[in-house]
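# Summary of structural features
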Amino acid sequence: MGPRIGPIGEELQVPDKDTKAMVGTEDTPGGKARPNPQDLRPSVFHSIKFFVLCHSLLQLAQLMISGYLKSSISTVEKRFGLSSQTSGLLAAFNEVGNTALIVFVSYFGSRVHRPRLIGYGAVLVTLAGVLMAVPHFISEPYHYDHTSPDMPQDFEASLCVPTTEAPTSAPAPSNSSCSGYTEVQHLAVVGIMFTAQTLLGVGGVPIQPFGISYIDDFAHNSNSPLYLGILFAVTMMGPGMAYGLGSLMLRLYVDIDRMPEGGISLTSKDPRWVGAWWLGFLISAGTVALAATPYFFFPKEMPKEKRELRFRRKVLAVSDPPVSKGEDASSERSPGESPEKKDGLAQIAPDLTVIQFIKVFPRVMLRTLRHPIFLLVVLSQVCMSSMVAGMATFLPKFLERQFSVTASYANLLIGCLTIPLAIVGIVVGGILVKRLRLGPMHCGTLCLLGALFCLLLSTPLFFMGCSTHQIAGINHQPGAQPGLELFPGCTEPCSCPSDDFNPVCDSSARVEYLTPCHAGCRSRVVHEAPDKGQVFYTNCSCVVGGGPVPAGSCDSACSHLVLPFMILVSLGAALASVTHTPSFMLILRGVKKEDKTLAVGIQFMLLRVLAWMPSPVIHGSAIDTTCVYWAQSCGRRAVCHYYDHDLLRNRFIGLQFFFKTGSLACFALILAILRQQDKEEGTKATIPNPGLQQQLLASGAKKEPEESRV
């Protein structure tokens, strides 16, 4: 689509001097006219190539900050006592602001100063990232046990103290002693994070659509696809960098800026470990702020790029036959110049007021949704996006629980294995469509095969895992809440707090105890190591031989399966990604030319509303139903400490399987409809059409005198 000026959508004419003079006087920062229009040539801010570079970096940083929360979701749960349903809602909340405003992008179009609006959006994203880190600074330092703030953490508070010797002056804090201030602070923290996620979505609204349209308007028509390809290739690295950043940050202790005296005795494998989740948000926000700076210096409109890239000309000269001048001229004309396209909503939007646009939009949307191919492709992508959204949000937590790996290692696996293979899948899908010149039928077949093999690869995942090891006093039934009467009789002499959590593991019997007190341990020993000391508990009445038992949860017996599991998940992600490009082609080739722009907009809106918003909440709720031991905070249910691993695996992988099956069924229906349409077209072609025959005869009669003249 060619560049437009003003609300009536007239195309920009290209007289060089006038255009450059206009840009120089109106769009330079500060609004001062330059003495010589030729001085515009060396200006880097009038180069579309520099804009592509800036926009690639900005979208990379934006996706990094948007995806960072998913990499630290289990850490945020532990730090603030959130259930998986609440954390899933938090992760999905950035789509709320985004979805509410994305529709108006097609209304504003080129009415606004697009680079400047992108800059404002990026500034809002930066503020949202800083706001996400604020709860760390307004909260009390993290106490990983129930010791008082002036007492060294993890000291003798969790040991078995006989009831007769238990101190009465300083009872252990319990749910009943919570102050109203604690609850208000918790609500304030959660409210701040939800607000920040909303602002993150609102700030991201103008970045991608305005950036793509700006590149398409001012790049050479032959260079535009290449620029957009570079943009998407760089952007796709954003989620991988988010998980990589999460892997690095979660190795650091959460209170690295305010470490307690004497240090801490936790390791990153301890289930109570909380990493520096907030630091990643500050780093990401700083990256977005740096990437946003150039946008305030780009002009509202710049002269359209006139030259095709040199290496692209060489490639085309080798791969494509030479074309005539007439063909070349037609190829350089923007598709937006065709008169039929003026009927689309995206083209007539600048002529409408906001009220008229809101009235027209539902009618055009319903007309587009009545197209069966479009509807089925969107439904298939909704299923696929629901699978991706759930896995991106909770796969790190699933790996932590199922295979006893650290949050840092789980993020490293996803960032280095799953994300790169998904990118490869998208690229392979695009190459297959391009090289093989696949039509709608073959695009549908490719999508069907990708979804089928993705589904087959997910089947073994149901069997790759172990049952939950034995936990003293906990009934492995979801929803059952243990009480002191359920613990072994060996703890009867001890006064163990019911709401403490400092697990120890009897590795010989593979039994885990909630605290050293519940194992009957009366003393504590620290074995100093070069990096960190390892804590052991001795004189344990519930352990054969009295110990010693190490602090921390028991390791999973299936830790060796984490790599095969991730390889299967990553290969499935690659096969699912192969369907990305051909499914887009089915939409672009299946709707009317004038509705293409709006169809893609409707598609993204439906994906947000039906997939990216509800899917994390659905997956989080399913995970919560597998919990067998909830922590209590001020009388409310907080974070889950233990899950039924078999139930967790079956429900998490089962949800993934369900969405993949739905996507496969949609692609099968698409293929059936396309075959039916091909049959109908073939039948029409075989039936002789008298009117067509008469037109052919008339055209033949006209050609004869022309040939005789030659």
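Whatever comes next refers back to the structure up there.
Read on for a plain summary of the structure. Note that the structure is a prediction, hence the values are computed from the model and not measured.

Rules used throughout
- Counting starts from 1 at the beginning of each chain's written sequence and moves along it residue by residue.
- For a predicted model such as this one, the threshold for reporting local features is a pLDDT of at least 70, and the threshold for listing and counting side-chain atom pairs is 80 or more; totals across whole chains, interfaces and linings nevertheless cover every residue.
- With hydrogens and water stripped out, all remaining heavy atoms of the structure feed into the side-chain values.
- Two strands qualify as a pair provided that DSSP identifies no fewer than 2 bridges between them.
- A run of DSSP states H or I qualifies as a helix once it reaches four residues; a run of E qualifies as a strand once it reaches two. Both are numbered from the N-terminal end.
- The salt bridge criterion pairs a side-chain nitrogen of Lys or Arg with a carboxyl oxygen of Asp or Glu, the two atoms within 4 Å.
- Summary of the burial criterion: residues with accessible area below 20% of their type's maximum are buried, those above 50% are exposed, and those between are partly exposed, where the area comes from a 1.4 Å probe applied to protein chains only.
- Centre distance within 6.5 Å is the pairing criterion for rings of Phe, Tyr and Trp, where only the six-membered ring of Trp is used; planes under 30 degrees apart are then read as stacked, over 60 as edge-to-face, and the remainder as tilted.
- Here, over-ring charges are defined by two tests on the NZ atom of lysine or the CZ atom of arginine: distance to the ring centre within 6 Å, and angle to the ring normal within 35 degrees.
- The span one expects for a helix is its residue count, reduced by one, times 1.5 Å.
- Note on contacts: a residue pair is in contact if any heavy atoms of the two residues lie within 4.5 Å.
- Two cysteine sulfur atoms form a disulfide, by the criterion used here, when they sit within 2.5 Å.
- For helices, the axis comes from a line fit to the C-alpha atoms of the stretch in contact; other axes are also lines fit to C-alpha atoms, and the angle between any two N-to-C directions lies between 0 and 180 degrees.
- Note that the term roughly parallel is reserved for angles under 35 degrees, roughly antiparallel for angles over 145, roughly perpendicular for angles of 65 to 115, and oblique for everything else.
- A clockwise turn of the near helix away from the far one marks a right-handed crossing, whereas an anticlockwise turn of less than a right angle marks a left-handed crossing.
- As a working rule, the residues Ala, Val, Leu, Ile, Met, Phe, Trp, Tyr, Cys and Pro are called nonpolar, Asp, Glu, Lys and Arg charged, and the rest polar, with Gly in that last group.

### A look at the sheet that holds strand β4 (residues 504-506)
- Taken in spatial order, the three strands line up as β3-β5-β4 in an open sheet, and their pairing is mixed. Strands at the two margins of the open sheet, each flanked by one partner only, are β3 (470-471) and β4.
- Examined bridge by bridge, β3 and strand β5 (residues 511-513) share two bridges and lie parallel to one another. Among the inter-strand pairings, Gln470 is bridged to a residue of β5, identified as Val511.

### A few points about the pattern of salt bridges
- Taken as a whole and assessed by the stated rule, the structure comprises seven salt bridges.
- Here Asp255 and Arg258 are joined by a salt bridge, their closest N and O atoms 3.2 Å apart.
- For Arg258, a relative accessible area of 26% puts it in the partly exposed group.
- Residues Arg649 and Asp646 are paired through a salt bridge, measuring 2.8 Å at the closest nitrogen-oxygen approach. A residue pair is termed a helical-turn pair when its members lie 3 or 4 positions apart in one helix, as Arg649 and Asp646 do in helix α24 (residues 645-686) at three residues.
- On the accessibility criterion, Arg649 (6% relative accessible area) is buried.
- Of the residues examined, Asp646 reaches a relative accessible area of 25% and is grouped as partly exposed.

### A look at the packing of aromatic side chains
- Under the definition given, this model contains 25 aromatic pairs.
- Plain terms: the ring middles of Phe658 and Phe659 are 5.5 Å apart, the flat faces sit at 65 degrees to each other, and that makes the pair edge-to-face.
- Assessed through its relative accessible area of 9%, Phe659 is described here as buried.
- Aromatic rings pair up to connect Phe45, Phe50, Phe51, Tyr214, Phe218, Tyr295, Phe297 and Phe298 into one cluster.
- Here the basic side chain of Arg637 rests over the ring of Trp630, its NZ or CZ set 3.9 Å away from the ring centre.

### As for helix α12 (residues 277-292)
- With 16 residues, α12 should reach 22 Å at 1.5 Å per residue; the first-to-last C-alpha distance of 24 Å fits that figure.
- Buried residues along α12 sit in contact with α2 (48-71), α3 (73-80), α7 (114-138) and α11 (237-249).

### What about the state of the cysteines?
- The final tally for this structure, using the stated rule, is four disulfides.
- Cys627 shares a disulfide with Cys640; S-S distance 2.0 Å. Looking down the S-S bond of the Cys627 and Cys640 bridge, the torsion is 100 degrees, so its handedness is right-handed. Here Cys627 is found in strand β9 (residues 627-633), whereas its partner Cys640 is found in strand β10 (residues 636-643), with 13 residues between them in sequence. This pair shows no difference in class: Cys627 is buried, exactly as Cys640 is.

### Here's the deal with the environment of Phe361
- Counting through the fold element by element, Phe361 comes out in helix α16 (residues 354-369).
- Phe361 sits in the buried class, given a relative accessible area of 12%.
- Remark: the alpha-carbon pair of Phe361 and Leu598, spanning 237 residues in sequence, is separated by 9.2 Å.

### Overview of the packing of α11 against helix α18 (residues 407-435)
- Orientation of α11 relative to α18, taken along the N-to-C sense of each, is 165 degrees, at an axis distance of 7 Å. Classified by the angle between their axes, α11 and α18 sit roughly antiparallel to one another. For the crossing formed where α11 meets α18, the hand is left-handed. Residues Met237, Pro239, Gly240, Tyr243, Gly246 and Ser247 of α11 lie in contact with α18, whose contacting residues are Ser408, Asn411, Leu412, Ile414, Gly415, Ile419 and Ile423.
- Counted by class, the contact of α11 with α18 contains seven nonpolar, six polar and no charged residues.

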